[in-house]
Amino acid sequence: MIRKYILIIMILVFVSCNTKKSVIQTTRYGSKSKTSVARNHKKATTKKSNTNNSETVTLEATTRVKVTNEMILAYIEKYNGVAQSNMRKYGIPASVILGQAILESGSGTGPLCVQANNHFGIKCHKDWSGASIKYDDDSVGECFRKYDNPSDSFRDHALFLTAGARYLPLFSLDKKDYKAWANGLKDSGYATDSLYPTKLIALIERYQLYKYDGGSLDKTPVYTSEKVVANPREYQVSPGDTLYSISRKFKLSIDELKNKNNMSDNTISIGQSLKVQ
């Protein structure tokens with residue numbers, strides 16, 4: 001009898017061991033599998049040069065372009081003759097003509113200049129009956145004047161300033177006083193940029209464009225790296241400067257420099273004066 005109970009117990013243990021099930025984890029339908037995403041990050045490179053002529057300059061007016069000092073000097077060499085001719089004929093300082101052309105056209109590289117020979121960013125206005133081109137500026141698809149060649153653009157710039165009463169006060173100024181002309185252009189409404197006179201004056205002085213207003217006319221203006229700083233508490237932005245490099249120069253943080261100048265971003269322009277103390 002005892003053997004019979006032992007046999008029954010052994011049978012129950014054997015059955016119990018064989019009825020244990022393995023647990024297999026499965027993935028539910030609809031679950032997302034992990035996917036490796038490859039991103040191609042382009043690294044920004046900065047090309048340094050040992051010569052001033054290869055330094056990069058950002059010119060900003062109707063367009064924002066980057067050019068080298070060598071390109072600016074070549075542009076001056078190419079168009080100083082027509083600028084002096086217009087000065088003699090219309091009474092506009094050659095330095096101002098060249099400075100505006102460099103600034104507005106990006107030294108001949110801006111889209112309006114390349115596509116329409118428009119070196120001064122002059123819009124059509126209601127009295128324009130010539131060819132035109134659409135370009136996004138203050139608003140989308142604005143009408144800008146188009147010319148057959150650069151000389152026509154320089155001539156139209158002179159006529160634009162001499163035709164109406166708006167710019168008449170300029171012609172009572174000394175033709176050698178480029179600073180008064182630069183500020184007068186802004187006051188007369190030529191540009192909406194509050195820094196326009198500062199940018200124009202900086203270009204005239206940096207590339208010695210005032211030499212074309214009279215006296216000894218040097219056909220090859222000498223580039224100078226000297227800063228024109230009227231106030232020791234301020235720093236004038238030059239080609240190659242960044243907010244970071246200026247902050248390091250004056251031992252400030254970028255945020256401190258931005259706060260001193262009420263800046264909302266890191267954008268700076270050539271000729272701009274920044275408070276550094």
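A few points on the structure.

Rules used throughout
Residues numbered from 1 in each chain as written. Predicted model: local features only at pLDDT ≥ 70, side-chain atom pairs only at ≥ 80, totals over all residues. Heavy atoms only, no water. Helix = DSSP H or I, 4+ residues; strand = E, 2+ residues; numbered from the N terminus. Buried < 20%, exposed > 50% of the residue type's maximum accessible area, 1.4 Å probe, protein only. Areas by Shrake-Rupley, 256 points an atom, 1.4 Å probe, with all protein chains shown as cover. Salt bridge = Lys/Arg side-chain N within 4 Å of Asp/Glu carboxyl O. Phe/Tyr/Trp six-rings, centres within 6.5 Å; stacked < 30°, edge-to-face > 60°. Axes fitted to C-alpha atoms, helices over the stretch in contact; angles between N-to-C directions. Parallel < 35°, antiparallel > 145°, perpendicular 65-115°, else oblique. Left-handed = near helix turned anticlockwise from the far one by under 90°. Contact = heavy atoms within 4.5 Å. Nonpolar A, V, L, I, M, F, W, Y, C, P; charged D, E, K, R; others polar. Core = buried A, V, L, I, M, F, W, Y, C linked by side-chain atoms within 4.5 Å. Pairing = 2+ DSSP bridges. Polar contact = N/O pair within 3.5 Å; in protein donor to acceptor, adjacent residues only side chain to side chain. Disulfide = S-S within 2.5 Å.

**Examining the overall build of the protein chain**
For step 1, the next point in the chain: Counting its secondary structure elements, the protein chain contains nine helices and six strands.
For step 2, the next point in the chain: Here the protein chain, with 277 residues, has 39% of them falling under the buried criterion.
For step 3, the next point in the chain: With the model as given, the accessible surface of the protein chain reaches about 17700 Å², and the carbon-plus-sulfur share is 51%.

**Considerations on the pattern of salt bridges**
For step 1, the next point in the chain: A full pass over the atoms with the stated rule returns five salt bridges.
For step 2, the next point in the chain: The residue D127 makes a salt bridge to R145 at a minimum N-O spacing of 3.7 Å. Of this pair, D127 sits in the loop between helix 4 (111-116) and strand 3 (132-135) while R145 sits in strand 4 (residues 142-145), and the two are 18 residues apart along the sequence.
For step 3, the next point in the chain: Residue class for R145 comes out buried when judged on its relative accessible area of 4%.
For step 4, the next point in the chain: Here D193 ties to K199 by a salt bridge, and the two come within 2.6 Å at their closest N and O atoms.
For step 5, the next point in the chain: Looking at D193, the relative accessible area reads 25%, which means it is partly exposed.
For step 6, the next point in the chain: Linked through salt bridges whose partners overlap, the residues forming this network are D127, R145 and D156.

**Remarks on the packing of aromatic side chains**
For any two aromatic rings, the description comes down to two numbers: the centre-to-centre distance and the angle of the planes.
For step 1, the next point in the chain: With the rule as written, the count across this model stands at 12 aromatic pairs.
For step 2, the next point in the chain: Their ring planes at 20° and their centres at 5.2 Å tell us that Y79 and F154 sit as a pair that is stacked. Of this pair, Y79 sits in helix 2 (residues 69-90) while F154 sits in helix 5 (residues 150-163), and the two are 75 residues apart along the sequence.
For step 3, the next point in the chain: Between F160 and Y190, the ring centres sit 6.2 Å apart and the planes meet at 80°, which makes this aromatic pair edge-to-face. Residue F160 is located in helix 5, and its partner Y190 is located in the loop between helix 6 (178-187) and helix 7 (196-206); the two are separated by 30 residues in the primary sequence.

**Description of the packing of helix 6 against helix 7**
For step 1, the next point in the chain: Two elements in contact, helix 6 and helix 7, have axes separated by 9 Å at closest approach and are oriented at 155°. It follows from the interaxial angle that helix 6 and helix 7 lie roughly antiparallel. For the element pair helix 6 and helix 7, the recorded crossing hand is right-handed. Contact residues: Y178, K179, A182, N183, L185 and K186 in helix 6; P197, L200, I201, I204 and E205 in helix 7.
For step 2, the next point in the chain: Residues belonging to the contact of helix 6 with helix 7 are distributed by class as follows: seven nonpolar, one polar and three charged.

**Looking at the nonpolar core**
For step 1, the next point in the chain: Counting residues in each nonpolar core, the largest one holds 41 residues, and the members touching the most others are I76, Y190 and L209.
For step 2, the next point in the chain: Contributions of two or more residues to this core are made by strand 2 (64-68), helix 2, helix 3 (94-105), helix 5, helix 6 and helix 7.
For step 3, the next point in the chain: When residues of this core are assigned to their parent elements, the largest contribution, eight residues, is made by helix 2.
For step 4, the next point in the chain: Aside from chain neighbours lying at most four places away, what touches Y190 is Q100, E104, F120, I122, H157, F160, L161, Y167, L185 and Y196.
For step 5, the next point in the chain: The next biggest cluster of nonpolar side chains, apart from the first, holds 10 residues, and it includes I246, L252, L257 and I268.

**Some thoughts on the pairing of strand 4**
Within a regular strand, side chains alternate between the sheet's two faces.
For step 1, the next point in the chain: Here four bridges tie strand 3 to strand 4, and the two strands are oriented antiparallel to one another. By the bridge assignment for strand 4, I133 is matched with F144.

**Some points on the side chain of S188**
For step 1, the next point in the chain: One can find S188 in the loop between helix 6 and helix 7.
For step 2, the next point in the chain: For S188, a relative accessible area of 15% translates into the label buried.
For step 3, the next point in the chain: Within the structure, the side chain of S188 is placed 2.8 Å from the backbone oxygen of G184, a separation counted as a polar contact.
For step 4, the next point in the chain: Look past the residues within four positions of S188 in its chain and what remains in contact with it is R166, Y167 and L170.

**Some points on the state of the cysteines**
For step 1, the next point in the chain: Counted by the stated rule, this structure contains one disulfide.
For step 2, the next point in the chain: Disulfide pairing is shown between C124 and C143; the S-S distance is 1.9 Å. Measuring the twist about the S-S bond at about -65°, one finds the C124-C143 disulfide to be left-handed. You can see C124 sitting in the loop between helix 4 and strand 3 and its partner C143 sitting in strand 4, a full 19 residues away along the chain.
For step 3, the next point in the chain: Residue C124 is classed as buried on the basis of its relative accessible area, which comes to 6%.

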